[in-house]
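Descriptive analysis of the structure
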Amino acid sequence: MAAKKVCEALTFSKSLIEEVQRWGCMKQTGVSLRYMMEFGSDPSDKNLLISAQFLHKELPIRIARRALELQTLPYGLSQKPAVLKVRDWYLDSFRDLRSFPEIKDTNDEREFTQMIKAIKVRHNNVVPMMALGVQQLKKGMEQKIVYKDLDEIHQFLDRFYMSRIGIRMLIGQHVELHNPNPPPHCVGYIHTKMSPLEVAQNASEDARAICLREYGSAPDVNIYGDPHFTFPYVPTHLHLMVFELVKNSLRAVQERFVDSDKVTPPVRIIVADGLEDVTIKVSDEGGGIPRSGLPKIFTYLYSTARNPLDEECDLGIANAVTMAGYGYGLPISRLYARYFGGDLQIISMEGYDLRCAFAGTDAYLHLSRLGDSQEPLP
């Protein structure tokens with residue numbers, strides 16, 4: 001069935017589709033943060049060759065699995081124009097990888113690195129494009145969506161985005177190992193002495209800038225923790241997660257106190273260094289989330305804000321950062337946390353009585369500091 005549907009794309013040959021099916025059945029190989037860090041600490045020509053040879057085999061397997069799954073989505077999601085475009089990107093990338101000959105020497109490795117770099121760029125807009133596909137699906141459904149009935153789509157998107165995180169991490173790590181002047185303490189994408197306070201500060205400033213742009217003002221963000229504490233992690237991943245959490249908190253506080261003459265309470269970030277986990281707590285007094293809404297916040301079909309795709313049919317909006325709307329911030333942040341063995345939990349206390357300024361939401365971001373958990377391979 002999947003092969004038949006894929007064949008509807010006239011630009012892809014039957015032999016390619018058969019190859020996609022064959023590779024999609026092969027076993028994936030996961031790696032850990034610790035392995036990436038140790039292997040990448042010596043980016044010699046030999047190690048880069050080994051890395052490229054691994055990716056030459058591993059990436060087609062992961063990409064083929066996603067290309068096939070994109071064909072079998074329920075409720076007609078596979079046939080939405082945006083999803084078909086994403087499918088084509090995955091098939092193009094699979095074809096590029098399988099067309100590349102065996103990697104035997106440094107020149108082959110360098111050419112391969114340029115090719116996978118181009119693949120990573122090709123897939124830059126996958127998240128907003130899939131969001132558009134889901135929005136196209138929602139427009140054709142009844143107004144009242146029963147979220148528990150759409151579990152299949154939620155589970156697919158979890159698998160799909162987790163796989164995307166892994167693919168982009170593997171490509172990005174390999175490409176960055178070619179950097180002749182890496183920043184201090186950096187091994188590819190991994191910072192061996194990352195300060196979570198520093199990343200949280202930068203992410204908070206970025207989130208406040210967006211809030212200032214959209215509302216004209218922004219609550220303060222107070223950060224607590226040991227400024228000298230560091231641990232190995234991927235700063236870009238942590239920045240994305242903290243940015244999303246702080247952005248949500250700023251929006252909730254700003255909208256709650258917009259017509260109040262009370263002093264707007266700050267968003268608070270606490271960084272705690274545990275034996276197994278580093279936990280980052282983001283707390284706000286933005287009125288909280290109704291208990292009925294909590295099960296929905298980690299789905300891809302829910303947002304309390306206007307969707308920025310509602311009035312747009314062009315993906316030009318994909319490049320704009322907004323305060324809210326896709327409904328993807330929390331579920332994707334949780335996937336980033338889980339990618340290296342962590343997690344994200346949300347606890348909320350609902351309330352809108354401004355005489356009591358404590359009702360709000362606490363987000364607990366758990367990051368594994370051991371670094372030895374394998375990638376979750378969907």
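Residues numbered from 1 in each chain as written. Predicted model: local features only at pLDDT ≥ 70, side-chain atom pairs only at ≥ 80, totals over all residues. Heavy atoms only, no water.

1. Topic: the pattern of salt bridges
Taken as a whole and assessed by the stated rule, the structure comprises 15 salt bridges. A salt bridge links Arg-208 to Asp-220; the nearest nitrogen and oxygen atoms lie 3.8 Å apart. Linking Arg-208 in helix α9 (residues 196-215) with Asp-220 in the loop between α9 and β3 (221-224), this pair joins segments that are 12 residues apart in sequence. For Arg-369, the salt bridge goes to Asp-273, with nearest N and O atoms at 2.2 Å. Taken together, the residues span a long stretch of sequence, with Arg-369 in the segment after β8 (360-368) and Asp-273 in strand β5 (residues 267-273) at a distance of 96 residues. (Salt bridge = Lys/Arg side-chain N within 4 Å of Asp/Glu carboxyl O. Helix = DSSP H or I, 4+ residues; strand = E, 2+ residues; numbered from the N terminus.)

2. Observations regarding α9
Counted at 1.5 Å a residue, the expected span for α9 with its 20 residues is 28 Å, and the 28 Å between its end C-alpha atoms agrees. Considered for burial, the residues of α9 that qualify are Pro-196, Leu-197, Val-199, Ala-200, Ala-203, Ser-204, Ala-207, Ile-210 and Cys-211. The buried residues of α9 all sit within an arc of 150° when viewed along its axis, so they share a single face. The exposed residues of α9 that point more than 90 degrees off its buried face are Glu-198 and Arg-213. Packing partners of the buried residues in α9 comprise β2 (190-194), β3, β4 (231-233), α10 (235-256), β5 and β6 (277-283). One or two positions beyond α9, positive phi appears at Gly-216, with a value near 90°. (Expected span 1.5 Å × (residues − 1). Buried < 20%, exposed > 50% of the residue type's maximum accessible area, 1.4 Å probe, protein only. Arc of directions from axis to C-beta. Contact = heavy atoms within 4.5 Å.)

3. With respect to the sheet that holds strand β7 (residues 343-349)
Read from one edge to the other, the open sheet built from 5 strands follows the order β3-β5-β6-β8-β7, with strand pairing classed as mixed. The sheet is open, and its two borders are formed by β3 and β7, each paired with just one other strand. Sheet twist, expressed as the average angle between the axes of neighbouring strands with direction ignored, equals 15°. Inspection of the sheet shows β6 paired to β8 by 7 bridges, in the antiparallel sense. Looking at the pairing, Ser-283 lines up with Asp-362 of β8. α9 rests against β3, β5 and β6 of the sheet, and its axis sits at about 175° to β3. (Pairing = 2+ DSSP bridges. Axes fitted to C-alpha atoms, helices over the stretch in contact; angles between N-to-C directions.)

4. Section: the sheet that holds β2
As summarised here, the arrangement of the 3 strands in space is β1-β2-β4, forming an open sheet in which the pairing is antiparallel. Unpaired on one side and paired on the other, β1 (186-187) and β4 mark the two borders of the sheet. With 2 bridges connecting them, β2 and β4 associate as antiparallel partners. The residue bridging His-191 from the neighbouring strand is Tyr-233, located in β4.

5. Digging into the packing of aromatic side chains
This model, assessed by the stated rule, comprises 12 aromatic pairs. Taking 5.5 Å as the distance between ring centres and 40° as the angle between the ring planes, the aromatic pair formed by Tyr-161 and Tyr-300 counts as tilted. One end of the pair, Tyr-161, is in helix α8 (residues 151-176); the other, Tyr-300, is in the loop between β6 and α11 (329-339), and 139 residues separate them in sequence. Of the two residues examined, Tyr-161 and Tyr-300, each falls in the buried class. Here Phe-229 and Phe-231 contribute two aromatic rings whose centre-to-centre distance is 5.7 Å and whose plane-to-plane angle is 5°, an arrangement assigned as stacked. Note on accessibility: Phe-229 and Phe-231 belong to one class, buried. In this structure an aromatic cluster arises from ring pairing among Tyr-90, Phe-156, Phe-160, Tyr-161, Tyr-300 and Tyr-328. (Phe/Tyr/Trp six-rings, centres within 6.5 Å; stacked < 30°, edge-to-face > 60°.)

6. Observations concerning helix α3 (residues 33-40)
Taken together, the buried positions of α3 are Leu-33, Met-36, Met-37 and Gly-40. Angularly, the buried residues of α3 cover 95° about the axis, an arc narrow enough to put them on a single face. For α3, the secondary structure elements touched by its buried residues are α8, β1, β2, β4 and α11.

7. A short note on the environment of Ile-50
As for its placement among the helices and strands, Ile-50 is situated in helix α4 (residues 45-69). For the pair formed by Ile-50 and Ile-103, sequence separation is 53 residues and the distance between their alpha carbons is 9.2 Å.

8. Focus: the packing of helix α7 (residues 126-139) against α8
Running from N to C, α7 and α8 point in directions that differ by 170°, and their axes come no closer than 12 Å. What the angle tells us is that α7 and α8 run roughly antiparallel. Contacts between α7 and α8 pair Val-126, Val-127, Met-130, Ala-131, Val-134 and Leu-137 from the former with Ile-153, Phe-156, Leu-157, Phe-160, Tyr-161 and Arg-164 from the latter. (Parallel < 35°, antiparallel > 145°, perpendicular 65-115°, else oblique.)

9. Examining the confidence of the model for the protein chain
For the protein chain, the average pLDDT comes to 86, and 86% of its residues sit at 70 or higher. Mean pLDDT values over the elements of the protein chain span from 45, in helix α1 (residues 2-6), up to 98, in β3. Per-residue pLDDT stays below 50 along residues 311-325; that stretch engages in 41 contacts with residues further than four places along the chain or on separate chains. (pLDDT = per-residue confidence, 0-100.)

10. Section: the side chain of Arg-256
Turning to its location among the elements, Arg-256 is positioned in helix α10. One buried charge, Arg-256, has no salt-bridge partner; the nearest side chain with opposite charge is Glu-285, at 5.4 Å. Within the local environment of Arg-256, its side chain forms a polar contact with the backbone oxygen of Ala-359, the two atoms lying 3.4 Å apart. (Lys, Arg positive; Asp, Glu negative; His and termini not counted. Polar contact = N/O pair within 3.5 Å; in protein donor to acceptor, adjacent residues only side chain to side chain.)

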